[in-house]
Amino acid sequence: MTSETARRRFTQQVLPHLDDAYSLARWLTGNATDAEDVVQEACLRALKALDGALVENPRAWLLAIVRNSTFTWLARNRPHVLVLSGGEKEVRARQIDTQELVSTPEEALIAKADRESVTAAIEALPLVFKETLVMREINGLSYREIAEATGAPIGTVMSRLARARALLLATLGQGS
């Protein structure tokens, strides 16, 4: 049974970071519905842990829980050799209306193709690189926060991020 203190701490320390938690889970599971399930499980784990946990960096702490919950969920619900990414419908749901940003239909088409290419390239990354890239480039975490969330040394985080970026560039045809 969780205490009132844990509930108050949950409201203060976890709820402000739910968007980042969902974003990470969405990228790692490749599916909006699965991400919602993962974040719900992570929130339950966080609430239970707050009774006795000393949390110095709530955002990194929550993302570590989300990351671990995602891997647990994937192990339970997906074959180990296959992790599916989101479909075309979900890619479109994440896109913004390009008509406001571009002046011609040709520019809109090029912008849409670019977004789809980048999204597909990120989704195709190996999970360890994808999670590091998403935490840094989409969630805006520092190297230290990523290291805390993943349990990896900062040097490893930097290496994974560099490798993820290189793979992205190669996939997008801009690498050497």
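Not measured: the values here are computed from a predicted model.

(A) Inspection of the side chain of Glu131 at higher detail. Here Glu131 shows up in helix α7 (residues 127-138). Apart from residues no more than four positions distant in its own chain, Glu131 is found in contact with Leu24, Leu28, Arg67, Phe71, Thr150 and Arg160.

(B) Structural view of helix α2 (residues 18-29). The terminal C-alpha atoms of α2 lie 16 Å apart, and with 12 residues this matches the ideal 16 Å at 1.5 Å per residue to within 8%. Counting buried positions along α2 gives nine out of 12 residues, so the element sits mostly inside the fold. Looking only at α2, the buried set comprises Asp20, Ala21, Ser23, Leu24, Ala25, Arg26, Trp27, Leu28 and Thr29. Downstream of α2 by one or two residues, Gly30 has phi in the positive range, about 75 degrees.

(C) Molecular detail of the pattern of salt bridges. Under the definition given, this model contains six salt bridges. Where Arg7 meets Glu4, a salt bridge forms, and the shortest distance between an N and an O atom there is 4.0 Å. With a gap of three residues between them, Arg7 and Glu4 both fall in helix α1 (residues 4-13), about one helical turn apart. A residue is classified by how much of its surface remains accessible, and Arg7, at 38% relative accessible area, is partly exposed. Note that Glu123 and Arg26 form a salt bridge whose closest N and O atoms lie 3.9 Å from each other. Here Glu123, found in helix α6 (residues 105-124), pairs with Arg26, found in helix α2; they are 97 residues apart in sequence, far enough to count as distant. Of the two residues, Glu123 and Arg26, neither departs from the other in class, the shared state being buried.

About the criteria used
Residues numbered from 1 in each chain as written. Predicted model: local features only at pLDDT ≥ 70, side-chain atom pairs only at ≥ 80, totals over all residues. Heavy atoms only, no water. Helix = DSSP H or I, 4+ residues; strand = E, 2+ residues; numbered from the N terminus. Contact = heavy atoms within 4.5 Å. Expected span 1.5 Å × (residues − 1). Buried < 20%, exposed > 50% of the residue type's maximum accessible area, 1.4 Å probe, protein only. Salt bridge = Lys/Arg side-chain N within 4 Å of Asp/Glu carboxyl O.

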